[in-house]
Structures are given as C-alpha cells and as structure tokens.
Amino acid sequence: MAAVRRKLFVKSYGCQMNAYDATRMADVLAPEGYEETTEITEADLVILNTCHIRERAAEKIFSELGKVRIVKEERHARGLTTKIAVAGCVAQAEGAEIFRRQKAVDLVVGPQSYHRLPEMLREAEGSTSVLDTDFPLEDKFGQLQPPSRSKIASRGVSAFVTIQEGCDKFCTFCVVPYTRGAEMSRPVAQIAGEVEHLVSAGVREVTLLGQNVNAYHGHDSAGGNCSLATLVVELSRIPGLRRLRYMTSHPNDMSEDLIAAHAGETALMPFLHLPVQSGSDRILGSMNRKHSAQSYLDLIARIRLVRPDIALSSDFIVGFPGETEADFQATLDLVSTVGYASTYFFKYSMRPGTPGAQMPDQVAESVKSERLARLQVLADGQRRAFNASAVGRTMDVLFEKKGRHPGQIAGKTPYMQAVQVDGADHLIGEVAAVEVIGTSSNSLFGRLVEHRS
Ligand code: SAH
Ligand code: SF4
Ligand code: F3S
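The rules behind the values
- Residues numbered from 1 in each chain as written.
- Chains lettered and ligands numbered in written order.
- Predicted model: local features only at pLDDT ≥ 70, side-chain atom pairs only at ≥ 80, totals over all residues.
- Heavy atoms only, no water.
- Near = heavy atom within 4 Å.
- Polar contact = N/O pair within 3.5 Å; in protein donor to acceptor, adjacent residues only side chain to side chain.
- Areas by Shrake-Rupley, 256 points an atom, 1.4 Å probe, with all protein chains shown as cover.
- Helix = DSSP H or I, 4+ residues; strand = E, 2+ residues; numbered from the N terminus.
- Nonpolar A, V, L, I, M, F, W, Y, C, P; charged D, E, K, R; others polar.
- Pairing = 2+ DSSP bridges.
- Axes fitted to C-alpha atoms, helices over the stretch in contact; angles between N-to-C directions.
- Contact = heavy atoms within 4.5 Å.
- Buried < 20%, exposed > 50% of the residue type's maximum accessible area, 1.4 Å probe, protein only.
- Salt bridge = Lys/Arg side-chain N within 4 Å of Asp/Glu carboxyl O.
- Expected span 1.5 Å × (residues − 1).
- Core = buried A, V, L, I, M, F, W, Y, C linked by side-chain atoms within 4.5 Å.

Turning our eyes to something else, we now look at the site of ligand 1. In the vicinity of ligand 1 there are 14 residues, among which F173, Q211, Q277, D315 and S349 approach most closely. For ligand 1, an oxygen atom lies 3.1 Å from a polar atom in the side chain of R54. Residue S349 places a main-chain N or O atom 2.8 Å away from a nitrogen atom belonging to ligand 1. Starting from 540 Å² of accessible surface for ligand 1 in isolation, the protein chains cover 86%. Looking at the shell around ligand 1, the elements with two or more residues in it are strand 15 (311-318) and strand 16 (342-347). Looking at side-chain class alone, the shell around ligand 1 contains five nonpolar, five polar and four charged residues.

Here you go:
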C-alpha cells in the first residue's frame, strides 16, 4: 500500500554535521510519504534540528518553538494535525525538559536515534509524547535510506557526508562530547557506497564531516583500520568525483600521511579548517587543548612545506575564563603569524556541565565584545588581502548554482572563495578555468578562460 502523502518542514541550526543529519532525516521519512516543504504552514511534521554549542543557540530554539506552536494551533483550527519534533544537540542535552518547557512538542530525538523517527511517529499517533536520546548500539548509518537521485540533484553538486561522529577530547568549554557521545567512525565500504551513489546522481564535490574528522579510523574490508588519508586516496578514485574536502580537524590528529595526501592527491582541495581557539599557551592548557601555540605553528609550517598554497581557516574563542590582555595579545600575534583565509570567532559562552563553567575569573561581556571587535578587524584585513591576491590569477572553479544576476553562474575556487562569472547554466556541475578579475567583500568576480569538463 502506498504511504499517505504528507509534508515535512525541517530547519537545521549549528554545524554542517547537523545540516547533513537534517537531510538524512528527510531521507528516512521519504518512504513514509513525507515530502519536504519550505512552507511551515503546510507541514504535517515540523523538525527543528538544534544546536547546543553556545547559550544563545540553545535559547533561540525555545523562542522558535513558541512560533511553531502558534502554527500548530492555527492548523488545528483548520482541522489539520501537526507533529513537532526537536532533534539534534539540544534534544540530547535537555531531553524530557523540552516537553516541560514547550508542551506543543510531540517528539524529542537525539542525534544518534533519528533513524527511529518513523517508529517514533507511529508511537506518537494520538497525543503521546515520545523521547529517544539513547546512544543505541545499532549503527544509525546502516539503517538510513539512501536518497533518491532527484532528491540528490535538488540538493546541488556539493554534498556533505559524515564519516566520523562524537568526540573524546573534552575541551573544557565544549558540550560536543556530551551531546554527540564517544568517537566512532563509519566503515570504509559504507562511506564509499554513499559517495558513489551521490556521484552517480551528479554530485561533484564531497566534504567529509566529523566533529574530529581527522581522528577517523574506520574498518576497511580487510578487517583493518583505515586512516582519513587512506580514505581520501580511496574516494578520490571514484570516477566523476572532482573535489574532496574534510572538516573539522583537530591539530593533534593531523598525521603525516594526511599532510602527505595534501601534496599528492589532486582531488583533495588546498583548504584546511584547523581550529586553534587561542594563541596563549596558558589558556590552551586550561582549555585542555593538549597543543601549544608553537606546536600549531610548527604543524602549519609542515603542511605549507608540502602544499605552499594551502588556505587556512580557524575558530577562536575570546574571553575564556582567566584570559588576560596579554593572553589575548598572544591570539592576535598568532593570527598575524599564520595569515588566515577565513576565521570564525566566538565569545566564550558558559555551558552547563562543562569544566569551563566552574572556572573562576569569568571575563566580563564588555571585555569579550571589545576583544572580538579587535580580532575581527585583523581577520577582515587578512581575508581581504587573501581575496585581493587572487586577482589576475587563473583558478579552477566548480560551478554550483545560478549567479546573483541573470546570465551569471556561481561557484567556488579550490580555496573556498565564492566566484561569480558570466556563463551558461549548463556549466553547473563542471569545473572550468576562470581568470579572477575583481573582488567584493564576500566574493570574487571572474571570466571563463576555457571550458574543460
Ligand atoms: N571540533 C568541532 C568543534 C565544534 S564546536 C567541530 O567539528 O567543528 C565549533 C566551534 O565552536 C569550536 O571550534 C569553538 O571555537 C566554538 N565553541 C565551542 N564551545 C564554545 C563555547 N562554550 N563558547 C564559545 N564558543 C564555543
Ligand atoms: Fe569540542 Fe574540543 Fe571535541 Fe572539538 S575537539 S568537538 S572543540 S571537545
Ligand atoms: Fe551544535 Fe551539536 Fe554541531 S552542539 S555545533 S549541532 S555538534
């Protein structure tokens, strides 16, 4: 019997792994008759896939839920039922507390349990609320449905694939080890199968995801353990896959074979997101990062030795407990020394249950804001200089979508810069050489040099 046709609205917050999970939730629900909609008022099921990393991210969910509740009530007045599900890291961290804070919620499902959504929805028929925040023993990924070819095509030529989940590092500011659980890696064959399926439906770039992606150590078919470097080599042999990227890496897991892969594997793009968090060894120690500013700089020197053009990005936390002006100055010095293509800064946010929240010498909000602004000025200058250095160069661009104006298409350089060119839509999904002729604050402008597919 064909499933009843229903509409699904999914909104994802937080990191790329959450974005990937949101697509997989839609895939798991497709055989149940759920079709995605961008109109929340049409949705029979609303899923908020939430993030718990900073206080503001978590609190935003409860104000969003207030709005979704109004939609549910309006639909109820029209004789329509709506189920509301909270998924992701707030679901994991807050569990049943969510039902107490927002009574309109029907389902709470943690990041390791969403393959059970169809079953949970059946349990939630009527008015029962259903919770699943277990870390089950069965392999979630092994239970997920592959998306249809048309679904893949609608999501674009660049796709995410989670290969590793969880974290055993316990940085003292971070909730991820608690919300995502212990580190686990997907088997090589499962990942290769997923990537082959995506590529056969038109995907040309895959970003391998993990909270600690370079700690990857999945089983291979010979019963051994496979590193990220070996996985990259294996996946780059898939015909039709033009580009591979991975994120997010921890400096301590940047192995020699992975560094070497950046020299030899042409599909592996010369861009690396390598969060350092702070330039002060005292603060890095108190963050439990287990690396120093100098060991990070030495690592970057080793990577640049084999791949001199590699572009780097990083995350920084300003105002970690005990951070003095001298510690902050050390962060500014590190940024000046490295020269980043892009950077992400966050004001330290106290997270319940993490050691950082218990530390004395919490930094005043005004000091955090002032330091963030200074770091921003430095990093903005570096980003502009990096983009300006592209002008006059010819680079391969993977075209991903239509551009801002009619007759334009948009894509990315190997270094993750957005580029707009005058060009025909049929180039979308192809890699072509582009001469960069100008920049704006967020993107490059270019001219097609030649077309090779
Ligand atoms: N290794 C992870 C990091 C996840 S969190 C990954 O896969 O991306 C992303 C970033 O959020 C961290 O690098 C850190 O800079 C920031 N962050 C984490 N906890 C935070 C907190 N309590 N306050 C402010 N920023 C935080
Ligand atoms: Fe969080 Fe640190 Fe683990 Fe990254 S390495 S997820 S920052 S605990
Ligand atoms: Fe947020 Fe969870 Fe990702 S806390 S950053 S959604 S791992």
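So much for the structure itself; the text now carries on.
A separate point is the site of ligand 3. Around ligand 3, a shell composed of C15, N18, T50, C51, H52, I53, C89, R180 and Q211 is seen. In the shell around ligand 3, the residues fall into four nonpolar, four polar and one charged.

Now for the sheet that holds strand 13 (residues 243-247). Strands sit in the order 7-10-13 across an open sheet of three strands; the sheet is parallel. The open sheet has two edge strands with one neighbour each: strand 7 (158-162) and strand 13. Going across the sheet, the axis of each strand differs from the next one's by a mean of 25°, ignoring polarity. Two elements, strand 7 and strand 10 (residues 205-209), share five bridges in a ladder whose sense is parallel. Considered in strand 10, the bridge of A159 is made with V206. Across the face of the sheet, helix 10 (residues 228-235) comes into contact with strand 10 and strand 13 while running at roughly 160° to strand 10.

A few words on the pairing of strand 3 (residues 45-50). With six of six residues buried, strand 3 is to be regarded as a mostly interior element. Residues of strand 3 alternate between two faces, with L45, I47 and N49 on one and V46, L48 and T50 on the opposite face, all of them buried. Of the strand pairs in this sheet, strand 1 (residues 6-12) and strand 3 are connected by five bridges, and their pairing is parallel. When the bridges of strand 3 are listed, V10 appears paired with I47. Here five bridges tie strand 3 to strand 4 (residues 83-87), and the two strands are oriented parallel to one another. Residue pairing for strand 4: N49 is matched across the bridge by A87.

Right, let's talk about the side chain of D21 for a bit. Mapped onto the secondary structure, D21 falls in helix 1 (residues 16-29). Overall, D21 belongs to the buried group, its relative accessible area being 2%. Setting aside residues no more than four positions away along its own chain, D21 makes contact with N49, Y114, K140, E165 and R180.

To continue, consider the sheet that holds strand 14 (residues 271-273). If you walk across this open sheet you meet the three strands as 14-15-16, and the pairing is parallel. With partners counted over all chains shown, the strands left at the sheet margins are strand 14 and strand 16, one partner each. Taken over all neighbouring pairs, the strand axes of this sheet differ in orientation by 10° on average, direction set aside. Sheet topology note: the strand 15/strand 16 ladder contains six bridges and is parallel. What sits directly across from I317, in strand 16, is F346.

On to unusual backbone geometry. Of note, the bond from M247 into T248 is cis; its omega dihedral lies within 30 degrees of zero at 0°. By the element assignment, T248 lies in the loop between strand 13 and helix 11 (256-264). Look at F170: it is not a glycine, yet its phi comes out positive at around 50°. Owing to a relative accessible area of 36%, F170 belongs among the partly exposed residues under this scheme. Here N288, not a glycine, exhibits a phi torsion of approximately 60°, which is positive. By the secondary structure assignment, N288 is in the loop between helix 12 (281-286) and helix 13 (293-306).

What follows concerns the pattern of salt bridges. A complete count under the given rule lists 39 salt bridges for this structure. For E97, the salt bridge is made with R100, and the minimal N-O distance between the two is 2.6 Å. With E97 and R100 both in helix 4 (residues 97-101) and three residues apart, the pair spans about one turn of that helix. We classify E97 as partly exposed; its relative accessible area is 30%. Its relative accessible area of 55% is what places R100 among the exposed residues. A salt bridge links E119 to R116; the nearest nitrogen and oxygen atoms lie 3.1 Å apart.

Below, the discussion takes up helix 2 (residues 55-77). Given a rise of 1.5 Å per residue, 23 residues ought to cover 33 Å, and the 34 Å separating the end C-alpha atoms of helix 2 matches this to within 8%. Taken residue by residue, helix 2 has A57, A58, I61, F62, E64, L65, V68, V71, K72 and R75 as its buried positions. If you follow the buried residues of helix 2, they end up packed against strand 1, strand 3, strand 4, helix 3 (88-94) and helix 4. A positive phi of about 85° marks G79, the residue just after helix 2.

Our focus in this paragraph is the nonpolar core. L208, L228 and L231 are the most contacted members of the largest nonpolar core, which totals 54 residues. Setting aside its immediate chain neighbours within four residues, L228 contacts I163, L208, V213, N214, Y216, Y246 and L258. Counting 24 residues, the second largest nonpolar core, distinct from the first, contains L8, Y34, V109 and L144.

Let us now look at the pairing of strand 10. Along strand 10, five of the five residues are buried, which leaves the element largely enclosed by surrounding structure. Pairing of strand 10 with strand 13, which is carried by five bridges, proceeds in the parallel orientation. When the bridges of strand 13 are listed, L209 appears paired with M247.

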